[in-house]
Amino acid sequence: MSTQPRVSDLTPEELERLALEHVESMFIELHATSEGVRERCQPVRLIKRHPLIAAGLAATTAATIVILVRQLRRQSAGSFEA
């Protein structure tokens, strides 16, 4: 069986130390994972790997901005007529 003591047998100080060790190890693992994701998902790399998708996203963004600007102009023009 396990040679580690049961959690209920630990003192509050030991419990706190154990919790801190677990939290630290979780953050170390999270940091390592996020670095890997950051390396794979750099915008320049994604654009080089998927140029058609990048062009489509750029076109969609531009069209959305144009629609929003037209809508705002219509709203502002309408507010001056009243």
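In this text, all values refer to a predicted model and were calculated from it rather than measured experimentally.

(A) Examining the overall build of the protein chain more closely. When you go through the protein chain residue by residue, the secondary structure sums to 3 helices and 0 strands. Scanning the protein chain from its N terminus toward the C terminus, one meets helices and strands in the order α-α-α. Taken over C-alpha atoms, the radius of gyration comes to 27 Å for the protein chain, far larger than the 12 Å a tight globule of 82 residues would show. For the protein chain, the residues scored as buried account for 1% of the 82 residues in total. For the protein chain, the exposed area adds up to about 7,800 Å²; of that, 65% sits on carbon and sulfur atoms. With 10 positive and 10 negative side-chain charges, the protein chain shows a separation of 23 Å between the mean positions of the two kinds.

(B) Inspection of the pattern of salt bridges at higher detail. In total, this model carries 1 salt bridge according to the counting rule given. Here Glu21 and Arg17 are joined by a salt bridge, their closest N and O atoms 2.8 Å apart. One end of the pair, Glu21, and the other, Arg17, are both in helix 1 (residues 12-40), 4 residues apart, so they sit about a helical turn from each other. The exposure class of Arg17 is partly exposed, given its relative accessible area of 47%.

(C) Quick look at the confidence of the model for the protein chain. When the pLDDT values of the protein chain are averaged, the result is 85; 93% of them are 70 or greater. Model confidence for the protein chain, summarised as mean pLDDT per element, is weakest for helix 2 (residues 43-49) at 83 and strongest for helix 3 (residues 51-81) at 89.

(D) Just a nonpolar patch on the surface, in detail. There is a patch of nonpolar side chains on the surface, built from Val23, Phe27 and Leu30 and spanning about 300 Å² of accessible area. As for its position among the elements, Phe27 is in helix 1. Residue Phe27 is classed as exposed on the basis of its relative accessible area, which comes to 53%.

Cut-offs used in this document
Residues numbered from 1 in each chain as written. Predicted model: local features only at pLDDT ≥ 70, side-chain atom pairs only at ≥ 80, totals over all residues. Heavy atoms only, no water. Helix = DSSP H or I, 4+ residues; strand = E, 2+ residues; numbered from the N terminus. Rg over C-alpha atoms; globule rule 2.2 N^0.38 Å. Buried < 20%, exposed > 50% of the residue type's maximum accessible area, 1.4 Å probe, protein only. Areas by Shrake-Rupley, 256 points an atom, 1.4 Å probe, with all protein chains shown as cover. Lys, Arg positive; Asp, Glu negative; His and termini not counted. Charge placed at Lys NZ, Arg CZ, Asp CG, Glu CD. Salt bridge = Lys/Arg side-chain N within 4 Å of Asp/Glu carboxyl O. pLDDT = per-residue confidence, 0-100. Patch = residues over 30% accessible without salt bridge, like charges linked within 9 Å, V, L, I, M, F, W, Y side chains within 5 Å.

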